[in-house]
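Listed below are the residues making up each chain.
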Amino acid sequence: MNASTNTDRNALLIAIAGAFSLVIALGIGRFLFTPALPDMIADSSLTAVSGGYLAAVNYGGYLLGAMLAMGVPAHQARNALWVALWVSVISSVLMGVSDNFMPWAINRFLAGIASAIIMVNGSALVLGALPNHLRARLGNIHYAGIGLGISIAALTVALIESLQGSYPWMWGGCGVFALLLLPLLKRIPPLPHARDTAHHASPVNRKALGFLIASYTLAGFGYITSTTYLPVIARTQLPDLNNAAFYTWLAVGLAAVPANLLWGKLAGRAGERNALMMALVVQALGVSAPAWLPGLAGLVTSGLLVGGTFTAVVALSMYCGRQLAPHAASMALGALTACYGVGQILGPVVTARMLESSGSFAPGLLSAAAALIGAAALLLPLGSARF
């Protein structure tokens, strides 16, 4: 086995470790809340509206975490990653030992902080460790961890429901699983050649980055209604179909696993901007599907289209952000993640208010779809060239 083969194999293992970090931070620490929410509503005083506010608390933590991640020195990025991983695991376990809003809000806030730090600093570590010729392809494997984690969370919820268990077992079981994954993440190395002066080596394309950040902010607002409420919408629309919530959320996870690879291939042919715009438009169709296609067909269509695009939007945006600021990756990824967090905070709150006033999820879904179309339009000034 030659040196090049060893390098490529090591890069693949780092990307896989990175994927498992996103299983912990996002698939479990962040998105287990979505399939567990119907059971939390059924077995506690939580409602769909207060569940939306609880989601907003998590995204407030995500915003703060992104801001903190931007201030982490390069040589401390790996330490920040490990602290955040432990916070994510512990806060997930603690979600299962409470039954009222305030302790849940504290844990969701901490989980939000942790997930953003893992997304920003962890992604900077993983992408920084990958050779240039493999970064785009293996970066897709890294971000596929989001979909894998969502699938694991959905299957865990279904298994525990089939055993007549409730939300404490869901959070506890997934928390223990996340704990068992931690040793696999030791392969993620510190940032190579981390120096305080490195970010001066190449100018940042500020104009292009500004349009990308604005687009990503609307993308955060647009996708979050589905990823917060889709199982609740399923139980509302199909109360007699016990597995409707499971099928719709599993569709999100399963579609997300291969999505990055497929969108990555498209980006290789059409350019990152065009691929990102197409993903946002398809996502808009998916988010709005339950409003214009009633029944299980609309819910599963929504799950497949949202799952098949939202991690790709993250991966493509993060990749483009890093390319626009190659020597200030944590700063660029942190700014993107922070603004995405702003959109995520507003999304559940706006949807909850619309739900209170109209009694329907449809206005929130259509507003979210409009935001995603706006996100695609904001990329038009960047031109068709690869960026």
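Whatever comes next refers back to the structure up there.
Residues numbered from 1 in each chain as written. Predicted model: local features only at pLDDT ≥ 70, side-chain atom pairs only at ≥ 80, totals over all residues. Heavy atoms only, no water.

Enquirer: What is the right way to look at the environment of Ile141 in this model?
Expert: With respect to the helices and strands, the residue Ile141 is situated in helix α6 (residues 135–162). Separated by 137 residues in the primary sequence, Ile141 and Met278 place their C-alpha atoms 20 Å from one another. Excluding anything up to four places from it in sequence, Ile141 contacts Leu12, Ala15, Ile16, Ala19 and Leu261. (Helix = DSSP H or I, 4+ residues; strand = E, 2+ residues; numbered from the N terminus. Contact = heavy atoms within 4.5 Å.)

Enquirer: Explanation requested: the pattern of salt bridges in the structure shown.
Expert: Pairs can form between side chains of opposite charge whenever their charged atoms are close. A full pass over the atoms with the stated rule returns two salt bridges. Between Arg235 and Asp39 there is a salt bridge, with the nearest N and O atoms lying 3.7 Å from each other. Remark: Asp39 occurs in helix α2 (residues 33–42) and Arg235 occurs in helix α8 (residues 206–237); sequence separation between them is 196 residues. We classify Arg235 as partly exposed; its relative accessible area is 31%. (Salt bridge = Lys/Arg side-chain N within 4 Å of Asp/Glu carboxyl O. Buried < 20%, exposed > 50% of the residue type's maximum accessible area, 1.4 Å probe, protein only.)

Enquirer: Looking at this structure, how should I read the packing of helix α9 (residues 244–270) against helix α10 (residues 272–292)?
Expert: Each packed pair of helices is defined by two parameters, the angle between the axes and the distance between the axes. Running from N to C, α9 and α10 point in directions that differ by 135 degrees, and their axes come no closer than 7 Å. Classified by the interaxial angle, the pair formed by α9 and α10 is oblique. Seen from above, α9 lies across α10 with right-handed handedness. Every residue of α10 that contacts α9 at Trp263, Leu266, Ala267 and Ala270 is listed here: Glu272, Asn274, Ala275, Met278, Ala279 and Val282. Split into classes, the residues belonging to the contact of α9 with α10 amount to eight nonpolar, one polar and one charged. (Axes fitted to C-alpha atoms, helices over the stretch in contact; angles between N-to-C directions. Parallel < 35°, antiparallel > 145°, perpendicular 65-115°, else oblique. Left-handed = near helix turned anticlockwise from the far one by under 90°. Nonpolar A, V, L, I, M, F, W, Y, C, P; charged D, E, K, R; others polar.)

Enquirer: Could you clarify how one ought to interpret unusual backbone geometry in this entry?
Expert: The bulk of non-glycine residues show a negative phi, and the bulk of peptide bonds are trans. The phi torsion at Gln164 lies on the positive side, around 65 degrees, for a residue other than glycine. Structurally, Gln164 is set in the loop between α6 and α7 (167–181). Owing to a relative accessible area of 71%, Gln164 belongs among the exposed residues under this scheme.

Enquirer: Could you clarify how one ought to interpret α9 in this entry?
Expert: Owing to its 3.6 residues per turn, the α-helix brings residues three or four apart onto one side. Between its first and last C-alpha atoms α9 spans 36 Å; for 27 residues at 1.5 Å apiece the expected length is 39 Å, and the two agree. Most pronounced at Ala259, the bend in α9 amounts to some 40 degrees. Positive phi appears at Gly271, one or two residues downstream of α9, with a value of about 95 degrees. (Expected span 1.5 Å × (residues − 1). Bend = angle between axes of the 7 residues up to and from the residue.)

Enquirer: Teacher, can you tell me more about the packing of aromatic side chains here?
Expert: What describes a pair of aromatic rings is the distance from one ring centre to the other and the angle between the planes of the rings. All told, the structure shown has nine aromatic pairs when counted by the stated rule. Their ring planes at 55 degrees and their centres at 6.4 Å tell us that Phe31 and Trp249 sit as a pair that is tilted. Here Phe31 is found in the loop between α1 (3–28) and α2, whereas its partner Trp249 is found in helix α9, with 218 residues between them in sequence. Each member of the pair Phe31 and Trp249 is classed as buried. An angle of 10 degrees between the planes, with centres 5.3 Å apart, marks the rings of Tyr223 and Phe310 as stacked. Of the two residues, Tyr223 is situated in helix α8 and Phe310 in helix α11 (residues 296–324); the sequence distance between them amounts to 87 residues. Residue classification places Tyr223 among the buried residues on the basis of a relative accessible area of 1%. Aromatic rings pair up to connect Phe31, Tyr216, Tyr223, Trp249, Phe310 and Tyr340 into one cluster. Its guanidinium or amino end placed over the ring of Tyr62, Arg30 lies 4.3 Å from that ring's centre, counting from NZ or CZ. (Phe/Tyr/Trp six-rings, centres within 6.5 Å; stacked < 30°, edge-to-face > 60°. Lys NZ or Arg CZ within 6 Å of the ring centre and 35° of its normal.)

Enquirer: Help me understand helix α5 (residues 101–129), please; the structure alone is not making it clear to me.
Expert: A rise of 1.5 Å per residue sets the reference length of α5, with its 29 residues, at 42 Å; its end C-alpha atoms lie 41 Å apart and thus fit the reference within 8%. Its maximal kink placed at Gly122, α5 deviates by approximately 25 degrees. Burial analysis of α5 places 22 of its 29 residues in the buried class, which makes it a mostly covered element.

Enquirer: Can you walk me through the state of the cysteines in this structure?
Expert: Summed over all chains, the structure comprises zero disulfides. Looking at Cys320, it has no disulfide partner, and the nearest cysteine sulfur is the one in Cys339, 16 Å off. (Disulfide = S-S within 2.5 Å.)

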